[in-house]
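What the coordinates show
Below are the chains, spelled out letter by letter.
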Amino acid sequence: MNGEIKFAYDSGGFVQEHELQAFETQVRAAHEVLHSYEGLGREYLGWLDWPLHCSRDEIDKILHVAAEIRKRAEVFVVIGIGGSYLGARSALELLGHTFFNNLSQEKRRGPQIFFAGNNLSSRYLTHLLEIIGEKELVINVISKSGTTLEPALAFRFFKTILEKRYGKRRARERIIATTGEKGALRNLARQEGYEIFPVPGDIGGRYSVLTAVGLLPLAVAGIDIMGIMSGARRGCRLYSEERPADNPAYRYAMLRQILYRKGKVIELLASYEPSFYYFTEWWKQLFGESEGKDQKGILPAGLNFTTDLHSLGQFVQDGYRNIFVTTLWLEKTPEEQEIPPLAEDIDGLNFLAGKTLQFVNKNACTGTMRAHSDGGVPNLKITIPELTPRVYGQLVYFFEKACAMSGYLLGVNPFDQPGVEAYKKNMFELLRSNNREG
Ligand code: PA5
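We now turn to the structure provided with this report.

The rules behind these values
- Residues numbered from 1 in each chain as written.
- Predicted model: local features only at pLDDT ≥ 70, side-chain atom pairs only at ≥ 80, totals over all residues.
- Heavy atoms only, no water.
- Core = buried A, V, L, I, M, F, W, Y, C linked by side-chain atoms within 4.5 Å.
- Buried < 20%, exposed > 50% of the residue type's maximum accessible area, 1.4 Å probe, protein only.
- Domains from an automatic or database assignment.
- Contact = heavy atoms within 4.5 Å.
- Pairing = 2+ DSSP bridges.
- Helix = DSSP H or I, 4+ residues; strand = E, 2+ residues; numbered from the N terminus.
- Axes fitted to C-alpha atoms, helices over the stretch in contact; angles between N-to-C directions.
- Salt bridge = Lys/Arg side-chain N within 4 Å of Asp/Glu carboxyl O.
- Near = heavy atom within 4 Å.
- Polar contact = N/O pair within 3.5 Å; in protein donor to acceptor, adjacent residues only side chain to side chain.
- Areas by Shrake-Rupley, 256 points an atom, 1.4 Å probe, with all protein chains shown as cover.

1. A few points about the nonpolar core
Residues Trp47, Tyr252, Phe279, Trp282, Ile382, Tyr392 and Phe399 are the most contacted members of the largest nonpolar core, which totals 96 residues. Each of two domains, domain 1 (6-38 + 229-410) and domain 2 (48-223), supplies a minimum of three residues to this core. Excluding residues that lie within four positions of it along the chain, Tyr392 makes contacts with Gly87, Ser90, Ala91, Leu94, Leu95, Val209, Ile228 and Phe279. The next biggest cluster of nonpolar side chains, apart from the first, holds 23 residues, and it includes Ile79, Leu137, Ala154 and Phe155.

Now the structure itself:
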């Protein structure tokens, strides 16, 4: 593989070497528990070896169905929320084109891809339906439980539209269900004869992007999913090292937990590429839902630099000191832009003429990290060599592994989400009582 994902920590005096050494025993113990499937949430550890176990038949089926969809659909709508949504969206944004939700204008022979069922906004749905119009439509409804309200409602709308437009029988050929082994969606899909992709029972939503949940939409977009899985396999091998010194994912997890114990309760994931926006959203869900429980946890939040240097930058530099920043730095991008000279150097920036925007971005990143360190903000840095499917797969696995380790070090079950039920309970009670009242 060209280049490697690198993890670095600018100590800045925040964490001493002996603190890392002291934590090493805990990391080794947590590694043992994780890899012997004995820890909290062990019934959801399917993701741990998934890149090695995912069968060639399953990948071939995904590629086959994706090829059919690419032939027949002008628009492909992916319905899902949380872990059934953010992975595919993040990869599409990272590996696709910034302004086309597909590979690039030239290579775009497949359908336009849109997402639905990730909110309850009638404005969003109305605008989406307007954009879709009469275009040839195929949908993929993704819900492991098959009972989540947002995707279930969106599915109702799209099922109704498809049946009206194509008739009940032909509509069935335009609906693909990605779902767990049981539940309402599985039953409906079986009854109606939809194409079904399984979500393995032992892989939770936020760890599921490397299953059909993420891979089918990505294959429809023309993204090399074999490359993604090959990167994930590499991550699986690299991040199985027991010693934190040899395992960047564990080192990252360990530093997070040391900083947390020093009152750094907010982690800001900062990237200098707008196309990392949804990756940050995916990361927020992964860490937020995995660690935020039992009145503990680091609050994960995102920064989109340099844009946010002109809004949140002030707070990061000078505000309440309970934060640390993890920078995602993209080392190389094939899209280079050289800064043009101006005849009259009105803005005084001619000294940059001939340099690339990436050169400026890199200096902004280094300068910002130094300033934050001076301002009392610990800095972690993850360098991504380039944006390829392989690197994406490895990066996903890096964070999944780090998150599991971090959760175990924190003493929580990183694979459940009991808190998510609270709003659902209230909402359904309200919906039922308000419905009765008319
Ligand atoms: O990580 C999780 O398990 C959740 O975020 C789920 O992915 C999310 O709630 C959607 O659930 P489902 O796929 O069952 O509709």
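2. Details of the sheet that holds strand β2 (residues 75-79)
Spatial ordering of the open sheet is given by β3-β2-β4-β5-β6, a layout of five strands whose pairing is parallel. Where the open sheet ends on each side, the last strands, each with one partner, are β3 (112-116) and β6 (195-198). For this sheet, the mean inter-axis angle between neighbouring strands, taken without regard to orientation, is 20 degrees. For β2 and strand β4 (residues 137-143), the ladder comprises five bridges, and the chain directions are parallel. Looking at β4, one finds that Ile79 is bridged to Val141. Where helix α5 (residues 122-132) meets the sheet, its contacts fall on β2, β3 and β4, and the angle it forms with β3 comes to roughly 160 degrees.

3. Remarks on the pattern of salt bridges
Applying the stated criterion across every chain, the model contains 22 salt bridges. Salt-bridge contacts for Asp246 lead to Arg243; the nearest nitrogen and oxygen are separated by 3.0 Å. When its relative accessible area of 35% is taken as the criterion, Arg243 is described as partly exposed. Connected through shared salt-bridge partners, Lys159, Glu163, Lys168, Arg172 and Glu192 make up one network.

4. Overview of the site of the ligand
Residues in contact with the ligand, as listed here, are Ile81, Gly83, Ser84, Ser143, Lys144, Ser145, Thr148, Gly205, Arg206, Gln285, Glu289 and Gln417. Interatomic distance of 2.6 Å between a side-chain N/O atom of Ser84 and an oxygen atom of the ligand. Note that an oxygen atom of the ligand is positioned 2.6 Å from one of the side-chain N or O atoms of Ser145. Calculation on the ligand without its partners gives an accessible area of 380 Å², and the protein chains cover 88% of this total.

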